[in-house]
Structures are given as structure tokens and as C-alpha cells.
Amino acid sequence: MGKLVDKIKSNHEKLHAHKHADKKGKLFIISGVSGVGKNTVLKELFKDESLHLCYSVSMTTRHMRFNEVNGVNYFFVNREQFQKAIDQDELLEYAEFCDNLYGTPKKFVNDQLDAGKNVILEIEVKGALKVMQIMPEAISIFILPPSLEELEARLKNRGTESDDTIFQRLKEAKNELRYQEHYDYNVINDNVDDCVSEIKKIIKSGKK
Ligand code: 5GP
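Residues numbered from 1 in each chain as written. Predicted model: local features only at pLDDT ≥ 70, side-chain atom pairs only at ≥ 80, totals over all residues. Heavy atoms only, no water.

Enquirer: Describe the side chain of Thr-61, and please don't skip the residues or the numbers.
Expert: Within the fold, Thr-61 resides in the loop between strand 3 (58-60) and strand 4 (74-76). We classify Thr-61 as buried; its relative accessible area is 13%. Side chain to side chain, Thr-61 and Asn-100 meet in a polar contact 3.5 Å long. Polar contacts involving the side chain of Thr-61 include one to the main-chain amide nitrogen of Leu-101, which spans 2.9 Å. With near-sequence residues (within four places) excluded, Thr-61 lies in contact with Val-77, Asn-78, Arg-79, Phe-82, Asn-100 and Leu-101. (Helix = DSSP H or I, 4+ residues; strand = E, 2+ residues; numbered from the N terminus. Buried < 20%, exposed > 50% of the residue type's maximum accessible area, 1.4 Å probe, protein only. Polar contact = N/O pair within 3.5 Å; in protein donor to acceptor, adjacent residues only side chain to side chain. Contact = heavy atoms within 4.5 Å.)

Rendered as C-alpha cells:
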């Protein structure tokens, strides 16, 4: 009897897994100005396996920070390699941000969506607008800081950038904040737990 129950259970699980693989995943665009706490929020989201998330690792010409790993945070390349990826039509989108190029490898995103994963693109506003055009079904979320003063304090505390870069990133932040209305959802990151639970709700609902 126990064996029969196990068999039924195992068939049910297989069927369930199959059903899941049949269903295409959803694409989520997450943008937020530099220093808003995107990484912390994303780390928390990825702990929840029920969300079936998959992170799209971008390509960038930016220098690797001391706490980053090639192939995990980004694929760190030079301008020539980046240009080659553009020429070979390997990028879903790309944009220049604070003098560096950033782009999303296309094949990985499509493969993961086909495999039923919900793919997260953590990208800046210009690239995000492009993806919204190419893939209008994508669900977009803009993470906002509680205030500009708080943002400046967070950027300085992070200690990963020079004063010049912080100044440049703050200027860019003011510019990027103007794009928030183009996104399906605006979520304020005042308290990380609240921000995470709000985004989880959006992902679970899967609605624009
Ligand atoms: P950071 O240098 O702080 O890692 O990233 C700078 C900005 O580039 C962030 O706003 C980040 O979301 C964005 N970014 C990262 N990867 C991509 C990408 O593949 N495409 C675009 N358009 N922006 C990206």
C-alpha cells in the first residue's frame, strides 16, 4: 500500500514538473538607481525557490569591483569583445551607463523563459525601455529610494566607488528617477523586508 502511494505521489510530481516545464516563464525588468539597494533586495528574492527565479548575468565593460566574481555578477569584457557581441546580434539590449557598456545576452534569457523560469533583468532605464518595446509582456518594476539624501548616504556607505564616481552616479540617479512612470510598478525601498515582500507579491501575481 505504502509503495502504491509512493508511486502515485512520484507520478504526480513528475506530471507537475512536466506541466511546469511546459509553461513559459515570465520576464521581469528590475531597475533602480545606483545605491538604492537592488542587490540586497535581489538576494532576498532569490532565496525564495517558489518564485522559480533566474538571474540574467549581463555583459559589461566596467571594471570588476573587489567583491565581484566574473560570470556571477557580470561577464567582464573589454570594448572590443562587447562590440563583437553587438555585431553578432547576441544582445537583447545594451546601453551606456556612466561611461561603460552593459548588455543582456539574448540566448540565455530565451532559453530560461522556455524552460519555465521567471527571468530577472536587473538593468538601467534606457535598456529597460528597449526591452519593454521588444517584449511588451515583460513586467517592469522600478525600485525607488525614500529620498535623494538617503541615496547619497547609502552610496557613500557602500565604499565601492570613488567620490567622482559617486557624484556621477547621483547625477545619473536624478535623471533616471524621471523614468519611473514608464514602469508597471514603483516600489520604495525604505525597509528591505517590505520592499521584498511587495516585489514577491508582484512576481507571484504575474500581472502587469
Ligand atoms: P553597476 O555598475 O552598479 O553594477 O550597474 C550600473 C547600472 O547598469 C545599473 O543601473 C544596472 O542595473 C545597469 N545594468 C546592469 N546590467 C545591465 C544590462 O545588461 N543592460 C542595461 N541596459 N543595464 C544594465
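Enquirer: So, the site of the ligand: which residues are in play, and what are the values?
Expert: Among the 16 residues in the neighbourhood of the ligand, the closest are listed as Ser-58, Arg-62, Tyr-74, Tyr-102 and Glu-122. Contact between the ligand and Arg-169: an oxygen atom at 2.9 Å from a side-chain N or O atom of the residue. Elements with a contribution of two residues or more to the shell around the ligand: strand 5 (91-97) and strand 6 (100-105). Residue composition of the shell around the ligand, grouped by class: 5 nonpolar, 4 polar and 7 charged. (Near = heavy atom within 4 Å. Nonpolar A, V, L, I, M, F, W, Y, C, P; charged D, E, K, R; others polar.)

Enquirer: Let's hear about the sheet that holds strand 5: which residues, and what values?
Expert: Hydrogen bonds between backbone atoms are what pair the strands of a sheet, whose relative direction is either parallel or antiparallel. Here we have 4 strands laid out as an open sheet, ordered 4-3-6-5, and mixed in their pairing. Two strands in the sheet have a free side with no partner beyond their single neighbour: strand 4 and strand 5. In this sheet, neighbouring strand axes are inclined to one another by 25° on average, regardless of whether the strands run parallel or antiparallel. Note that strand 3 and strand 4 share 3 bridges and pair parallel. Paired with Met-59 across the two strands is Phe-75, which belongs to strand 4. Where helix 3 (residues 79-87) meets the sheet, its contacts fall on strand 3, strand 5 and strand 6, and the angle it forms with strand 5 comes to roughly 140°. (Pairing = 2+ DSSP bridges. Axes fitted to C-alpha atoms, helices over the stretch in contact; angles between N-to-C directions.)

Enquirer: Outline the packing of helix 2 (residues 38-47) against helix 8 (residues 192-205), listing residues and values.
Expert: Viewed as axis vectors pointing N to C, helix 2 and helix 8 meet at an angle of 55°, and their least axial separation amounts to 10 Å. Here helix 8 runs oblique to helix 2, going by the angle between their axes. Crossing angle aside, the handedness with which helix 2 passes helix 8 is right-handed. Of the residues in helix 8, those in contact with Thr-40, Val-41, Glu-44 and Leu-45 of helix 2 are Val-192, Cys-195, Val-196, Ile-199, Lys-200 and Ile-203. (Parallel < 35°, antiparallel > 145°, perpendicular 65-115°, else oblique. Left-handed = near helix turned anticlockwise from the far one by under 90°.)

Enquirer: Talk me through the packing of aromatic side chains; I want residue IDs and the actual numbers.
Expert: Under the counting rule described, the total for this entry stands at 6 aromatic pairs. Here the aromatic rings of Phe-82 and Tyr-94 are separated by 6.1 Å at their centres, their planes lie at 70°, and the arrangement is edge-to-face. Of this pair, Phe-82 sits in helix 3 while Tyr-94 sits in strand 5, and the two are 12 residues apart along the sequence. On the accessibility criterion, Phe-82 (0% relative accessible area) is buried. Tyr-94 gets classed as partly exposed once you look at its relative accessible area, which sits at 31%. (Phe/Tyr/Trp six-rings, centres within 6.5 Å; stacked < 30°, edge-to-face > 60°.)

Enquirer: Which residues make up the environment of Leu-45, and what are the values?
Expert: Of note, Leu-45 is situated in helix 2. Leu-45 sits in the buried class, given a relative accessible area of 0%. A C-alpha to C-alpha distance of 8.5 Å links Leu-45 and Ser-197, two positions 152 residues apart in sequence. With residues near it in sequence (within four places) discarded, Leu-45 still touches Ile-30, Leu-51, Leu-53, Val-196, Ile-199, Lys-200 and Ile-203.

Enquirer: Hey, could you go over the layout of surface pockets for me, with residue numbers and the actual values?
Expert: Here the largest pocket is characterised by a volume of approximately 1,100 Å³. As for the largest pocket, its lining consists of 37 residues, of which Lys-38, Asn-39, Arg-65, Glu-122 and Arg-158 are closest to the centre. A per-element tally of the lining of the largest pocket places helix 2 first, with 6 residues. Of the residues that constitute the lining of the largest pocket, the class distribution is 11 nonpolar, 13 polar and 13 charged. In this model, the second largest pocket occupies a volume close to 250 Å³. Together, 15 residues line the second largest pocket, and Lys-23, His-52, Asn-118, Ile-203 and Lys-204 are the ones closest to its centre. Per-element accounting of the lining of the second largest pocket gives the leading share, 3 residues, to helix 8. (1 Å grid on protein atoms, 1.4 Å probe; cavity = no way out; pocket = protein on both sides within 12 Å on 5 of 7 lines; lining within 4 Å. Points joined across faces, edges and corners; volume = space filled by probe spheres on them.)

Note that every value here comes from positions in space, so none of it alone points to a role or purpose.
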